[in-house]
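Structural overview
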Amino acid sequence: MIRAYVGDHHRNWDQNIAQLGFALRSSVHESTGYTPNLLVFGRELTVAGSGFDVLQSEDQLSSVGDCKEYSDKLKELQAIHREVSEKLKEVHRTNARHYNLRRRPQTYRINSLVWKKNFTQSDAVNFISAKLTPRFVGPYVICTKDFSFGLQSTRSSWKVNRKLACSRP
């Protein structure tokens, strides 16, 4: 969201954090069906100046003796929290099902060829961009198998130990 709001003005992105936070907290969440403001504070926050007319007329302000109204509001909030809790559990089950849909347990044997995920960080000094580096490196041969795997490169005599750090054989 920050990226879309900032545009070409990258140096002063932090000047708009309050507006971005208000937009996020006052947007209806897809999973819960409610805004974070309502769930956390029990009410929707007003946009600057939108509640000014209510403050000018004293007859519309609630008095201290409105305990029944306050009690009803708390009961309504409890019902909303129960509903949100159930919705989030259902969304969690749905997301887990979609995530694990094609996930299969993998078993590897010694001397199997594998590719290792590449975790490269960008380095401006050496002109390395993490987005442009290969996602996987290898192939490697599995040489040991305990709780983790020992890998040996097929291209050189370098061996990768269980902590996946390079060492000579």
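Residues numbered from 1 in each chain as written. Predicted model: local features only at pLDDT ≥ 70, side-chain atom pairs only at ≥ 80, totals over all residues. Heavy atoms only, no water.

So, about the side chain of Thr 35. As for its position among the elements, Thr 35 is in the loop between helix H2 (17–25) and helix H3 (36–41). Setting aside residues no more than four positions away along its own chain, Thr 35 makes contact with Arg 25, Ser 26, Ser 27, Val 28 and Glu 44. (Helix = DSSP H or I, 4+ residues; strand = E, 2+ residues; numbered from the N terminus. Contact = heavy atoms within 4.5 Å.)

Further remarks concern a nonpolar patch on the surface. A surface patch of nonpolar side chains, amounting to about 260 Å² of accessible area, comprises Ile 2, Trp 13 and Ile 17. For Trp 13, the location among the structural elements is in the loop between helix H1 (2–6) and H2. The exposure class of Trp 13 is partly exposed, given its relative accessible area of 39%. (Patch = residues over 30% accessible without salt bridge, like charges linked within 9 Å, V, L, I, M, F, W, Y side chains within 5 Å. Areas by Shrake-Rupley, 256 points an atom, 1.4 Å probe, with all protein chains shown as cover. Salt bridge = Lys/Arg side-chain N within 4 Å of Asp/Glu carboxyl O. Buried < 20%, exposed > 50% of the residue type's maximum accessible area, 1.4 Å probe, protein only.)

Attention now goes to unusual backbone geometry. In this chain, Gly 138 is followed by Pro 139 through a cis amide linkage whose omega measures 5°. Among the structural elements, Pro 139 can be located in strand E2 (residues 136–145). Phi is positive for Asn 111, close to 75°, though the residue is something other than glycine. As for its position among the elements, Asn 111 is in the loop between helix H5 (67–99) and strand E1 (113–117). The class of Asn 111 is exposed, set by a relative accessible area of 61%.

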